[in-house]
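# Fold and geometry: a report
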Amino acid sequence: MFLAIGSFVFQSSQAELGVAGLGRAITVTGDGDIKGIALQRTLVMTEAAMGLTSVVIGLRAKTRSEKSLARIAMGIGLITMVFAAVHLIMTWGVVFGSGNDRMGSLIAIVLALVGCTLSWLVLRSHSN
């Protein structure tokens, strides 16, 4: 019953604003709340996925001792750190917990650092 009432209120608030919500990632309710995935959240999820990819490729490069995989992981990790740093700089004065996903960028930087460290270990062992 609560679900039916909630969906009715949500649909009527969308109709008041003229937001169809079909084919869009973001819908705005009558209260001004944003429902769905916002642009910053999408960017942070992409950063985190790239950081995790760097870790996975770095682990595979470490176990297989492959220099080419290590270079790929290092490149992905460095690109991730640049994107996450730009996101942190853009949201510099904002408080944590305000919905700007600064913590996600920090997690992406940590994942990228782990991937770059694993890659560096492989590349260092091949240089000797």
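Residues numbered from 1 in each chain as written. Predicted model: local features only at pLDDT ≥ 70, side-chain atom pairs only at ≥ 80, totals over all residues. Heavy atoms only, no water.

### Here's the deal with the pattern of salt bridges
Taken as a whole and assessed by the stated rule, the structure comprises one salt bridge. With a closest N to O distance of 3.9 Å, Glu66 and Arg64 form a salt bridge. Residue classification places Arg64 among the partly exposed residues on the basis of a relative accessible area of 47%. (Salt bridge = Lys/Arg side-chain N within 4 Å of Asp/Glu carboxyl O. Buried < 20%, exposed > 50% of the residue type's maximum accessible area, 1.4 Å probe, protein only.)

### Some thoughts on the side chain of Asp101
Residue placement: Asp101 occurs in the loop between helix H3 (67-90) and helix H4 (102-127). Here Asp101 falls in the buried class, since its relative accessible area comes to 17%. For Asp101, the residues in contact, after removing those within four places along its chain, are Gln40, Arg41, Val44 and His87. (Helix = DSSP H or I, 4+ residues; strand = E, 2+ residues; numbered from the N terminus. Contact = heavy atoms within 4.5 Å.)

### Re the nonpolar core
Among the nonpolar cores identified, the biggest contains six residues, and these are Ile57, Ala61, Leu69, Ala70, Ala73 and Val122. Elements with a contribution of two residues or more to this core: helix H2 (39-64) and H3. Looking at which element gives the most residues to this core, the answer is H3, with three residues. With sequence-adjacent residues up to four places away left out, Ile57 is seen in contact with Leu69, Ile72, Ala73 and Ile76. (Core = buried A, V, L, I, M, F, W, Y, C linked by side-chain atoms within 4.5 Å.)

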